[in-house]
Amino acid sequence: MVDTQRFNIGPAAVRITSVVAHELARRHGKVAVLQVVPYVPLDVDSVARILESLDDLSSTHRIQGEDGIDYYTFDDTTGAVDLEAGAHLQEQPNFARNVSSLCDDADWSRKARAQHVLLQLIATSTRKTFSCDFLASRSKLPTSKIQSALNDFVAQKYAHMVVDEDEALYIFPDLSYPPDLLARNLQALAPSEESGRTNRFWWFVAIAAAVVLIIVLLELV
């Protein structure tokens, strides 16, 4: 199983990601890392690590598709899950707290949100291949961050790159990412300061200050 302590991923995240992967594989026969991401408010690397951990099970198989992308298939089947309605998220209440904890790292939160925005852009396009310049021209993400994400996707076989007339073009698995799912994920992945969450450290500071104030007032009585 995945080392949840090392990667700061809770058991609920592992369970939810597994449910999503099994359901998508049930629908389509196989599933790729990037196809799972729209249904889980996590970064791409966390989703990939969880799927890699499932690959240790005899019922899970990793195969390379004709498009050069790695896919997973599962021998064990599960009942249908309404992923679009978020039923899989509601069954794991601890998951929201896990994501909230991860979002205390503002850099992680920004990276995860950017990945989701990029994937939703790709999913809603009619194109079959994408250049970095094309994606940059249709999003507010910096070109450097898009290129970095594309490089990572290709290196890990989440996507595939071909060269056409000296231009790098990127091929992705078929993605479904409705706007309402993006809104739900971006809300869950909001940094602490944007979501109204307060860093635990400042809670402790506030509590300590209140205790000191009470002690001082008692001494003055």
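Refer to the structure printed above.
All values reported here derive from a predicted model rather than from experimental measurement. (Residues numbered from 1 in each chain as written. Predicted model: local features only at pLDDT ≥ 70, side-chain atom pairs only at ≥ 80, totals over all residues. Heavy atoms only, no water.)

**Topic: the environment of Gly86**
Within the secondary structure layout, Gly86 lies in the loop between strand E2 (70-74) and helix H5 (87-90). Put simply, Gly86 and Tyr39 are 47 residues apart on the chain and 7.8 Å apart in space, counted from C-alpha to C-alpha. (Helix = DSSP H or I, 4+ residues; strand = E, 2+ residues; numbered from the N terminus.)

**Let's talk about the packing of helix H2 (residues 11-28) against helix H6 (residues 93-102)**
The contact between H2 and H6 brings their axes to 8 Å, and the two run at 115°. Between H2 and H6, the crossing angle belongs to the class labelled roughly perpendicular. The crossing of H2 and H6 is left-handed. Residue-level inspection shows Ala12, Ala13 and Ile16 of H2 in contact with H6, the latter providing Asn94, Phe95 and Asn98. By residue class, the composition of the contact of H2 with H6 is four nonpolar, two polar and no charged. (Axes fitted to C-alpha atoms, helices over the stretch in contact; angles between N-to-C directions. Parallel < 35°, antiparallel > 145°, perpendicular 65-115°, else oblique. Left-handed = near helix turned anticlockwise from the far one by under 90°. Contact = heavy atoms within 4.5 Å. Nonpolar A, V, L, I, M, F, W, Y, C, P; charged D, E, K, R; others polar.)

**Observations regarding the nonpolar core**
Counting 59 residues, the largest nonpolar core has Val36, Leu42, Phe95, Leu135, Phe153 and Phe172 as the members making the most contacts within it. The greatest single-element share of this core, amounting to nine residues, is contributed by H2. Ignoring any residue separated from it by four or fewer positions in sequence, one finds Phe95 in contact with Ala12, Ala13, Ile16, Val40, Pro41, Leu42 and Leu89. (Core = buried A, V, L, I, M, F, W, Y, C linked by side-chain atoms within 4.5 Å. Buried < 20%, exposed > 50% of the residue type's maximum accessible area, 1.4 Å probe, protein only.)

**So, H6**
Taken together, the buried positions of H6 are occupied by Phe95, Asn98, Val99 and Leu102. The buried residues of H6 occupy one face: seen down the axis, they fall within an arc of 95°. Within H6, the exposed residues directed more than 90 degrees away from the buried face are Pro93, Ala96 and Arg97. Packing partners of the buried residues in H6 comprise H2, H5, helix H7 (106-123) and helix H10 (179-188). (Arc of directions from axis to C-beta.)

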